[in-house]
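# Structural description and commentary
Listed below, chain by chain, are the residues.
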Amino acid sequence: MAKPKVGFFEFTCCEGCQLTVLSLGERILDLFQSVEVVNFREASSYKGQDYDIAIIEGSISSPKDIERVKEIRKKAKVVIALGACAHIAGVNAIKNFHNQQEIRKKVYGDKAWAFDSILAQPVDAVIKVDYVIPECPIDKDEFVRIVSQLLNNMKPFLPDYPVCVECKMKGNVCNYHKVNPIICMGVVSRGGCGAICPSAGNACEGCRGLIPDPNLDAFEGLLKEYGISTEDKFRFYRMYNGLMGMYK
(Lines give C-alpha, C1' and ligand atoms only; values in the text may rest on other atoms or scores of the structure.)
Protein backbone atom coordinates (compact mmCIF):
# COMPACT_ATOMS: atom_id res chain seq x y z
CA MET A 1 0.00 0.00 0.00
CA ALA A 2 1.34 3.43 -0.97
CA LYS A 3 2.21 5.74 1.87
CA PRO A 4 0.25 9.02 2.17
CA LYS A 5 2.24 11.92 0.75
CA VAL A 6 2.66 14.89 3.07
CA GLY A 7 3.65 18.46 2.28
CA PHE A 8 4.53 21.21 4.77
CA PHE A 9 3.87 24.76 3.62
CA GLU A 10 4.67 28.12 5.18
CA PHE A 11 2.98 31.49 4.82
CA THR A 12 3.39 34.51 7.12
CA CYS A 13 5.05 33.04 10.21
CA CYS A 14 8.35 32.43 11.95
CA GLU A 15 8.27 28.73 10.96
CA GLY A 16 8.77 27.86 14.62
CA CYS A 17 6.04 25.23 14.50
CA GLN A 18 7.81 23.38 11.70
CA LEU A 19 11.05 23.59 13.66
CA THR A 20 9.16 22.08 16.60
CA VAL A 21 8.25 19.14 14.36
CA LEU A 22 11.89 18.71 13.41
CA SER A 23 12.89 18.77 17.09
CA LEU A 24 10.92 15.60 17.77
CA GLY A 25 14.13 13.62 17.46
CA GLU A 26 13.72 9.88 16.99
CA ARG A 27 9.95 10.16 17.21
CA ILE A 28 9.83 12.01 13.91
CA LEU A 29 11.64 9.11 12.25
CA ASP A 30 9.06 6.67 13.61
CA LEU A 31 6.20 8.90 12.49
CA PHE A 32 7.61 9.59 9.04
CA GLN A 33 8.05 5.88 8.37
CA SER A 34 4.29 5.85 7.80
CA VAL A 35 4.28 8.71 5.29
CA GLU A 36 6.27 10.11 2.37
CA VAL A 37 7.26 13.71 2.98
CA VAL A 38 7.39 15.38 -0.42
CA ASN A 39 7.58 19.05 0.54
CA PHE A 40 9.20 20.42 3.73
CA ARG A 41 11.42 23.45 3.19
CA GLU A 42 12.90 23.33 6.70
CA ALA A 43 14.11 19.79 6.10
CA SER A 44 14.74 19.39 2.37
CA SER A 45 15.23 21.41 -0.81
CA TYR A 46 13.01 18.97 -2.74
CA LYS A 47 9.58 20.40 -3.53
CA GLY A 48 7.12 17.82 -4.71
CA GLN A 49 3.71 19.01 -5.87
CA ASP A 50 1.85 15.73 -5.44
CA TYR A 51 0.57 15.33 -1.87
CA ASP A 52 -2.41 13.92 0.03
CA ILE A 53 -2.00 15.86 3.28
CA ALA A 54 -1.05 19.54 3.39
CA ILE A 55 0.19 20.90 6.73
CA ILE A 56 0.09 24.69 6.60
CA GLU A 57 1.86 27.07 8.96
CA GLY A 58 1.31 30.84 8.91
CA SER A 59 -1.43 33.37 8.27
CA ILE A 60 -2.65 34.60 4.90
CA SER A 61 -1.27 38.13 4.44
CA SER A 62 -1.11 38.90 0.72
CA PRO A 63 -3.11 38.33 -2.48
CA LYS A 64 -0.43 35.88 -3.60
CA ASP A 65 -0.97 33.93 -0.38
CA ILE A 66 -4.65 33.58 -1.26
CA GLU A 67 -3.86 32.21 -4.70
CA ARG A 68 -1.22 29.83 -3.39
CA VAL A 69 -3.27 28.41 -0.53
CA LYS A 70 -6.21 27.79 -2.85
CA GLU A 71 -3.92 25.79 -5.15
CA ILE A 72 -2.72 23.76 -2.16
CA ARG A 73 -6.33 23.04 -1.19
CA LYS A 74 -7.14 21.81 -4.69
CA LYS A 75 -4.36 19.22 -4.55
CA ALA A 76 -4.69 18.05 -0.95
CA LYS A 77 -7.24 15.59 0.35
CA VAL A 78 -6.64 16.81 3.91
CA VAL A 79 -5.52 20.23 5.11
CA ILE A 80 -4.16 20.81 8.62
CA ALA A 81 -3.63 24.29 10.06
CA LEU A 82 -0.41 24.16 12.07
CA GLY A 83 -0.01 26.58 14.96
CA ALA A 84 -1.67 29.82 16.04
CA CYS A 85 -0.84 31.86 12.93
CA ALA A 86 -2.59 29.39 10.62
CA HIS A 87 -5.35 28.65 13.13
CA ILE A 88 -6.39 32.13 14.34
CA ALA A 89 -3.99 34.49 12.48
CA GLY A 90 -2.03 34.80 15.74
CA VAL A 91 0.38 37.65 16.40
CA ASN A 92 0.25 38.61 12.72
CA ALA A 93 -3.28 39.97 13.23
CA ILE A 94 -1.94 42.67 15.57
CA LYS A 95 -1.13 44.72 12.47
CA ASN A 96 -4.81 44.67 11.48
CA PHE A 97 -5.55 47.29 14.14
CA HIS A 98 -3.12 49.84 12.74
CA ASN A 99 -2.90 52.02 9.65
CA GLN A 100 -1.88 49.60 6.93
CA GLN A 101 0.07 52.12 4.87
CA GLU A 102 2.10 53.14 7.91
CA ILE A 103 2.73 49.49 8.84
CA ARG A 104 3.88 48.67 5.31
CA LYS A 105 6.22 51.68 5.27
CA LYS A 106 7.65 50.82 8.67
CA VAL A 107 8.39 47.25 7.60
CA TYR A 108 9.54 47.78 4.01
CA GLY A 109 10.77 51.40 4.04
CA ASP A 110 11.00 53.06 0.62
CA LYS A 111 10.18 49.71 -1.04
CA ALA A 112 6.72 49.59 0.58
CA TRP A 113 5.03 50.23 -2.78
CA ALA A 114 6.30 46.86 -4.03
CA PHE A 115 4.56 44.81 -1.33
CA ASP A 116 0.84 44.29 -1.74
CA SER A 117 -0.07 43.07 1.74
CA ILE A 118 -3.58 42.57 3.14
CA LEU A 119 -5.04 42.15 6.61
CA ALA A 120 -3.75 38.95 8.22
CA GLN A 121 -6.24 36.09 8.16
CA PRO A 122 -6.31 32.50 9.42
CA VAL A 123 -6.13 29.83 6.75
CA ASP A 124 -9.78 28.84 7.18
CA ALA A 125 -10.85 32.35 6.19
CA VAL A 126 -9.76 31.45 2.65
CA ILE A 127 -10.05 27.66 2.31
CA LYS A 128 -11.63 24.74 4.11
CA VAL A 129 -9.41 23.43 6.91
CA ASP A 130 -10.03 19.86 8.01
CA TYR A 131 -8.04 19.77 11.25
CA VAL A 132 -6.16 22.14 13.51
CA ILE A 133 -3.04 21.70 15.63
CA PRO A 134 -3.14 24.86 17.77
CA GLU A 135 -0.75 26.75 20.06
CA CYS A 136 2.33 28.95 19.66
CA PRO A 137 4.48 27.05 19.10
CA ILE A 138 2.67 23.73 18.74
CA ASP A 139 2.98 21.03 21.38
CA LYS A 140 5.14 18.12 20.21
CA ASP A 141 3.02 15.44 21.82
CA GLU A 142 -0.19 16.88 20.41
CA PHE A 143 1.32 16.95 16.92
CA VAL A 144 2.32 13.28 17.16
CA ARG A 145 -1.08 12.33 18.57
CA ILE A 146 -3.14 14.13 15.93
CA VAL A 147 -1.06 12.96 12.98
CA SER A 148 -0.99 9.38 14.31
CA GLN A 149 -4.77 9.42 14.72
CA LEU A 150 -5.21 10.64 11.15
CA LEU A 151 -2.93 7.95 9.78
CA ASN A 152 -4.92 5.34 11.70
CA ASN A 153 -8.25 6.61 10.32
CA MET A 154 -9.25 8.07 13.66
CA LYS A 155 -10.82 11.52 14.00
CA PRO A 156 -8.44 13.79 15.93
CA PHE A 157 -9.92 15.71 18.84
CA LEU A 158 -9.12 18.90 20.69
CA PRO A 159 -10.18 19.65 24.28
CA ASP A 160 -13.26 21.89 24.45
CA TYR A 161 -12.69 23.03 28.05
CA PRO A 162 -10.83 26.20 29.10
CA VAL A 163 -7.30 26.44 30.44
CA CYS A 164 -8.84 27.21 33.86
CA VAL A 165 -9.76 23.53 34.20
CA GLU A 166 -6.12 22.48 33.88
CA CYS A 167 -5.04 25.23 36.29
CA LYS A 168 -7.42 23.90 38.93
CA MET A 169 -6.27 20.32 38.32
CA LYS A 170 -2.70 21.46 38.99
CA GLY A 171 -3.67 23.37 42.12
CA ASN A 172 -2.51 26.71 40.73
CA VAL A 173 -3.54 29.92 42.44
CA CYS A 174 -5.82 31.76 40.00
CA ASN A 175 -4.08 34.73 38.41
CA TYR A 176 -7.06 36.89 39.34
CA HIS A 177 -6.80 35.88 43.01
CA LYS A 178 -3.18 36.88 43.45
CA VAL A 179 -2.18 39.91 45.54
CA ASN A 180 -1.46 41.68 42.27
CA PRO A 181 -4.03 40.23 39.83
CA ILE A 182 -2.82 39.32 36.35
CA ILE A 183 -5.00 39.50 33.25
CA CYS A 184 -5.42 35.93 32.06
CA MET A 185 -7.21 34.59 28.98
CA GLY A 186 -7.48 31.11 30.49
CA VAL A 187 -11.15 31.67 31.28
CA VAL A 188 -12.12 31.59 27.60
CA SER A 189 -9.08 29.94 25.95
CA ARG A 190 -8.94 26.33 24.81
CA GLY A 191 -7.16 23.96 27.14
CA GLY A 192 -4.85 21.13 26.16
CA CYS A 193 -1.57 22.84 26.93
CA GLY A 194 -1.48 21.68 30.55
CA ALA A 195 -1.82 25.32 31.69
CA ILE A 196 1.89 25.68 30.97
CA CYS A 197 2.00 29.49 31.20
CA PRO A 198 -0.04 29.96 34.42
CA SER A 199 1.88 27.09 36.01
CA ALA A 200 5.06 29.09 35.42
CA GLY A 201 3.55 32.19 37.03
CA ASN A 202 2.57 33.85 33.76
CA ALA A 203 -0.77 34.69 32.19
CA CYS A 204 -2.50 32.62 29.54
CA GLU A 205 -2.50 34.75 26.39
CA GLY A 206 -4.86 32.50 24.45
CA CYS A 207 -2.51 31.09 21.83
CA ARG A 208 -4.70 27.99 21.43
CA GLY A 209 -7.71 30.08 20.44
CA LEU A 210 -11.09 30.23 22.14
CA ILE A 211 -13.21 27.44 23.52
CA PRO A 212 -16.43 26.70 21.61
CA ASP A 213 -19.10 29.29 22.49
CA PRO A 214 -17.05 31.25 25.05
CA ASN A 215 -19.03 33.36 27.52
CA LEU A 216 -17.39 36.64 26.57
CA ASP A 217 -19.93 38.69 28.51
CA ALA A 218 -18.95 36.92 31.73
CA PHE A 219 -15.28 37.41 30.87
CA GLU A 220 -15.86 41.12 30.31
CA GLY A 221 -17.57 41.25 33.70
CA LEU A 222 -14.57 39.58 35.32
CA LEU A 223 -12.17 42.08 33.79
CA LYS A 224 -14.39 44.95 34.94
CA GLU A 225 -14.56 43.50 38.45
CA TYR A 226 -10.78 43.57 38.70
CA GLY A 227 -10.50 47.06 37.24
CA ILE A 228 -8.72 46.01 34.06
CA SER A 229 -8.33 48.98 31.76
CA THR A 230 -9.68 48.97 28.21
CA GLU A 231 -6.14 49.39 26.88
CA ASP A 232 -4.86 46.34 28.76
CA LYS A 233 -7.93 44.32 27.82
CA PHE A 234 -7.44 44.87 24.11
CA ARG A 235 -3.71 44.28 24.41
CA PHE A 236 -4.45 40.76 25.64
CA TYR A 237 -7.30 40.15 23.22
CA ARG A 238 -5.13 41.11 20.29
CA MET A 239 -1.98 39.22 21.21
CA TYR A 240 -3.36 36.08 19.59
CA ASN A 241 -7.11 36.51 19.28
CA GLY A 242 -7.42 39.80 17.46
CA LEU A 243 -10.10 38.24 15.28
CA MET A 244 -12.07 36.75 18.18
CA GLY A 245 -15.76 36.71 17.43
CA MET A 246 -15.04 36.00 13.77
CA TYR A 247 -13.02 32.81 14.05
CA LYS A 248 -12.71 30.16 16.74
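Before reading on, note that the structure itself is shown above.
Residues numbered from 1 in each chain as written. Predicted model: local features only at pLDDT ≥ 70, side-chain atom pairs only at ≥ 80, totals over all residues. Heavy atoms only, no water.

## Some words on the environment of Lys106
If you trace the backbone, Lys106 turns up in helix H5 (residues 100-108). Judged by its relative accessible area of 75%, Lys106 is exposed. Here the alpha-carbon distance between Lys106 and Ile228, two residues 122 residues apart in the chain, equals 31 Å. (Helix = DSSP H or I, 4+ residues; strand = E, 2+ residues; numbered from the N terminus. Buried < 20%, exposed > 50% of the residue type's maximum accessible area, 1.4 Å probe, protein only.)

## Thoughts on the sheet that holds strand E4 (residues 78-82)
Two modes of strand pairing occur in sheets, parallel and antiparallel, and in both the strands are linked by backbone hydrogen bonds. Judged by pairing direction, the sheet is parallel, and its five strands sit side by side in the order E2-E1-E3-E4-E5 without closing on themselves. Looking along the sheet, the strands with just one partner apiece sit at the ends: strand E2 (36-39) and strand E5 (131-133). When strand polarity is set aside, the average angle formed by the axes of neighbouring strands in this sheet is 25°. Pairing analysis gives five bridges linking strand E1 (residues 5-10) to strand E3 (residues 53-57), with the strands arranged parallel. The residue bridging Phe8 from the neighbouring strand is Ile55, located in E3. Lying over the sheet, helix H6 (residues 140-151) contacts E1, E3, E4 and E5, oriented at roughly 155° with respect to E5. (Pairing = 2+ DSSP bridges. Axes fitted to C-alpha atoms, helices over the stretch in contact; angles between N-to-C directions. Contact = heavy atoms within 4.5 Å.)

## Things to note about the pairing of E1
Across the six residues that make up E1, a large majority, five, are buried. Summarising the sheet, E1 and E2 pair through three bridges and their orientation is parallel. Along E2, the bridge assignment pairs Val6 with Val37.

## Things to note about helix H7 (residues 163-170)
Because an α-helix completes one turn every 3.6 residues, residues spaced three or four positions apart along the sequence face the same direction. When we look at burial in H7, the residues that qualify are Val163, Glu166 and Cys167. One side of H7 carries all its buried residues, which in axial view fall inside an arc of 105°. Exposed residues pointing more than 90 degrees away from the buried face of H7 are listed as Lys168 and Met169. Looking at the buried positions of H7, the neighbouring elements they touch are helix H8 (196-199). Of the residues trailing H7, Gly171 is marked for its positive phi of about 75°. (Arc of directions from axis to C-beta.)

## Digging into the packing of aromatic side chains
Counted by the stated rule, this structure contains seven aromatic pairs. Geometrically, the ring pair formed by Phe8 and Phe40 is stacked, given 4.0 Å between the ring centres and 15° between the ring planes. Placement of the pair is Phe8 in strand E1 and Phe40 in the loop between E2 and E3, with a sequence separation of 32 residues. For the pair Phe8 and Phe40, a shared accessibility class is recorded, and that class is buried. Linked through ring pairs, Phe8, Phe32 and Phe40 together constitute an aromatic cluster. One cation-aromatic arrangement involves Arg68 over Phe11; the distance from NZ or CZ to the ring centre is 4.4 Å. Sitting over the face of the ring of Phe97, Arg238 holds its NZ or CZ atom 4.0 Å from the ring centroid. (Phe/Tyr/Trp six-rings, centres within 6.5 Å; stacked < 30°, edge-to-face > 60°. Lys NZ or Arg CZ within 6 Å of the ring centre and 35° of its normal.)

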